[in-house]
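Notes for the structure review
Below, each chain spelled out in residue letters.
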Amino acid sequence: MKQEMNDPGVKYIEEFRDKEMVLNLSGRIRDSVTGEYSFMEVCGGHTAAIHRFGIPSLLPPAIRLVSGPGCPVCVTGVDYIDKAVAYSRLDNIIICTFGDLMKVPGTGSSLEKERAGGADVRLVLSCLDALEIAEYNPGKTVIFLAIGFETTAPGSAVTILRAREKGIRNFRVLAAHKVMPPAMKALVTGESKLDGFICPGHVAAITGSMAFEFLPGDFGLACVVTGFEPTDILLSVLMLVKQVNSGKPAVEIEYSRAVTRLGNSIAQERLSRVFEPCDAAWRGLGMIPGSGLRLRRDFEEFDAEITFPLDIALREENRSCICGRILKGLNTPVDCKLFGKSCTPESPAGACMVSAEGACNVYYRYPE
Amino acid sequence: MCLSVPALVLRIEGDMAEVSVGGAVFRAGLQMVENVVVGDYILLHTGFAIQKLDERDAIETLELLKELNEAGNE
Ligand code: SF4
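Residues numbered from 1 in each chain as written. Chains lettered and ligands numbered in written order. Predicted model: local features only at pLDDT ≥ 70, side-chain atom pairs only at ≥ 80, totals over all residues. Heavy atoms only, no water.

**Points about the interface of chain B and chain A**
Spelled out, the test is: Residues count as neighbours in contact if any of their non-hydrogen atoms are within 4.5 Å of one another. Take the accessible area each of two parts loses on contact, using a 1.4 Å probe, and add the two losses: that sum is the buried area. Salt bridges are defined as contacts in which a side-chain nitrogen from Lys or Arg sits within 4 Å of a carboxyl oxygen from Asp or Glu. Under the DSSP-based scheme used, a helix requires at least four consecutive residues in state H or I and a strand at least two consecutive residues in state E, with every element numbered from the N terminus. Polarity classes work like this: nonpolar for Ala, Val, Leu, Ile, Met, Phe, Trp, Tyr, Cys and Pro, charged for Asp, Glu, Lys and Arg, and polar for all others, with Gly in that last group.
Each partner contributes to the interface: chain B provides 43 residues, whereas chain A provides 51 residues. Taken together, both faces of the contact between chain B and chain A bury some 4000 Å²; the carbon and sulfur share is 63%. Our enumeration of links across chain B and chain A arrives at 3 salt bridges. Across the salt bridge formed by B:Asp15 and A:Arg162, the nearest N and O atoms sit 2.4 Å from each other. Listing elements by their share of the side of chain B that touches chain A, those giving two or more residues are strand S1 (5–13), strand S2 (16–21), strand S3 (24–29), strand S4 (41–45), strand S5 (48–52) and helix H1 (55–73) of chain B. In terms of residue count, the dominant contributor to the side of chain B that touches chain A is H1(B) (13 residues). For the side of chain B that touches chain A, the class distribution of residues is 21 nonpolar, 14 polar and 8 charged.

Spelled out as structure tokens, the structure:
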């Protein structure tokens, strides 16, 4: 064990998993509750961490944690998959994607099935890898599937700037990046009844905690920007409970080792140089004003949909899948008739079962 | 894909770095962070360093946890 502790890279992880501190925080939370509380974690990384570390069993029953729409794969509409599938069927196209999208079912096929059928679909760890593939394959066009929130979008922006700088002309993105604050706003003005948010720590590393200040300001909601280890999550729940008890909601930062109020200004600058806000459809939540990012006109040459317009019919997704209600915090995965039966990670019926941060996938892997 | 992990910077060449996540080595673009040197910890997200981790702030959080813990044991 000792050797593992000294391995490079586990710093900032092990010390935030201390068992004694976890139990102590759990006790403190129990001593602090004076009523019922409902907190939403909007980041899929939090959903995964909460279940992996068994956080619900460390909380009193008066505290309910609900998962929100924070898994980028899960909120990506089925039409996006259909478009990616259609592109993969064209000649001289290489599709580059993060692994999570491979198994997501479209209305007819998935990228995994297309690849098995001979399409050139490649997994990449970074958008820069996709650009490199374009550089080495000048006779083909590389389309990078650009999904993800504020954490991922600046990487696409940096890559597009580099493509321009290097004069690489066969690189495109199918852009469906989304931003979190407008979705949080849509949730609190909708049906979900919440007392506060476990705010997404890695989104905030880019945007700064200021992106969430409208939540206590306009809606009276408690907010804590939270890290991803057990003591981070429990300390944040304690801070949220105290905020609610005091009746003084604010945005506090628990994850101060990565997050400041102003965030990463370089990433913000690159992002806004290349992308601009647009309305975007979220699976389950519908159209949310200003919640998407599209390429600015000056960068249209990198937009797959503008340079290779597709003519495909929009089709409806599987009706029995209740991902949409789960993403709004109205249902949990076990409420779905298909859960664990005809929908499993090996053979998913909906997007929430695919990604390691999807609520259905997390509930499947860590049954209560 | 939305996961970001702390990674130790092993080597820097231009605006790219080699980083270690618990011994596994990855490439990380440094285009969004400033003043990163070998030995720093960064948050690695889809192949980019999205933030430098602040040791002083980490220690502060740990101190707070310790204080809460000690007060709890009294
Ligand atoms: S279990 Fe499968 S079908 Fe049901 S909501 Fe989750 S992803 Fe959709």
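**A short note on the sheet that holds strand S2 (residues 63–67) of chain A**
Residue and element names in this part refer to chain A. For the record, the criterion: At least two bridges found by DSSP between two strands is the condition for calling them paired. To obtain an axis, a line is fitted to C-alpha atoms, over the contacting stretch when the element is a helix, and the angle between two such axes runs from 0 to 180 degrees between their N-to-C directions.
Strand order in the open sheet formed by 5 strands is S2-S1-S7-S8-S9, with parallel pairing between adjacent strands. The open sheet has two edge strands with one neighbour each: S2 and strand S9 (251–253). On average, each strand axis in the sheet is tilted by 25 degrees relative to the strand beside it, whichever way the strands run. The pairing of strand S7 (residues 196–200) with strand S8 (residues 222–226) spans 5 bridges and is classified as parallel. For Gly 196, the partnering residue across the bridge sits in S8 and is Ala 222. Contacting strand S1 (37–41), S2, S7, S8 and S9, helix H12 (residues 230–246) crosses the sheet at an angle of about 165 degrees to S8.

**A closer look at the pattern of salt bridges**
All names here are of chain A. Our working rule: Accessible area is worked out with a 1.4 Å probe on protein chains only. A residue is then buried under 20% of its type maximum, exposed over 50%, and partly exposed in between.
The final tally for this structure, using the stated rule, is 21 salt bridges over all chains. Between Arg 270 and Glu 269 there is a salt bridge; the shortest N-O distance is 2.6 Å. Note on Arg 270: relative accessible area 22%, which makes it partly exposed. For the salt bridge of Glu 269 with Arg 273, the shortest nitrogen-to-oxygen distance reads 2.9 Å. Here Glu 269 and its partner Arg 273 are both found in helix H13 (residues 265–274), 4 residues apart, which amounts to about one turn of the helix.

**Observations regarding helix H2 (residues 19–32) of chain A**
Put simply, the rule is: Any helix carries an expected span of 1.5 Å times its number of residues minus one. Pairing of N or O atoms within 3.5 Å defines a polar contact, subject to two protein rules: one partner must be a possible hydrogen donor and the other a possible acceptor, and residues neighboring in sequence count only if both atoms are side-chain atoms.
With 14 residues, H2(A) ought to run about 20 Å at 1.5 Å a step, and its terminal C-alpha atoms sit 20 Å apart, in line with that. In this structure A:Asp18 caps H2(A), since a side-chain oxygen of it lies 3.1 Å from the backbone nitrogen of A:Glu20.

**Side note on the confidence of the model for chain B**
If pLDDT is low for a region, its predicted coordinates should not be looked at in detail. Residue and element names in this part refer to chain B. Rules: Looking at any residue, its pLDDT shows the predictor's confidence there, from 0 to 100.
Scored by pLDDT, chain B comes out at a mean of 87, with 93% of its residues at no less than 70. For chain B, per-element mean pLDDT is lowest for H1, which scores 79, and highest for S5, which scores 95. Across the interfaces of the predicted complex, the ipTM metric reaches 0.87, alongside a pTM of 0.90.

**Section: the sheet that holds strand S5 (residues 141–148) of chain A**
Residues and elements named next belong to chain A. Spatially, the 4 strands line up as an open sheet ordered S4-S3-S5-S6, and their pairing is parallel. The open sheet has two free edges, formed respectively by strand S4 (121–123) and strand S6 (171–177), since each of these has just one partner strand. Taking the axes of each pair of neighbouring strands and ignoring which way they run, one obtains an average angle of 25 degrees across the sheet. Pairing of strand S3 (residues 93–97) with S5 involves 4 bridges; the strand directions are parallel. Looking across to S5, one finds that Ile 93 is bridged to Thr 141. Lying on the sheet, helix H5 (residues 78–88) is in contact with S3, S4, S5 and S6; it crosses S6 at an angle near 165 degrees. In this fold helix H8 (residues 153–166) packs onto S5 and S6, with an angle of close to 160 degrees to the strand it touches most, S6.

**A word on the pairing of S2(A)**
Using the following cut-off: A crossover gets the label right-handed when its path from the first strand over the helix to the second runs clockwise, viewed with the strands pointing away from the viewer.
Of all the 5 residues making up S2(A), 4 are buried; the element is thus mostly covered by neighbouring parts of the structure. Once the chain exits S1(A) it traverses helix H3 (residues 44–52) of chain A before rejoining the sheet at S2(A), and the crossover so formed is right-handed.

**Examining the state of the cysteines**
Residues and elements named next belong to chain A. Here is the rule: Sulfur atoms of two cysteines make up a disulfide when they are within 2.5 Å.
The full count for this structure, using the stated rule, is 2 disulfides over all chains. Between Cys 71 and Cys 74 runs a disulfide, and the two sulfur atoms are separated by 2.4 Å. Taking the torsion about the S-S bond as the criterion, the Cys 71 to Cys 74 disulfide, at about 70 degrees, is right-handed. With a relative accessible area of 1%, Cys 74 lands in the buried category. Disulfide pairing places Cys 323 opposite Cys 352 at an S-S distance of 2.5 Å. Placement of Cys 323 in helix H15 (residues 323–327) and of Cys 352 in the loop between H15 and helix H16 (359–365) is noted, with a sequence separation of 29 residues between them. For Cys 323, a relative accessible area of 3% puts it in the buried group.

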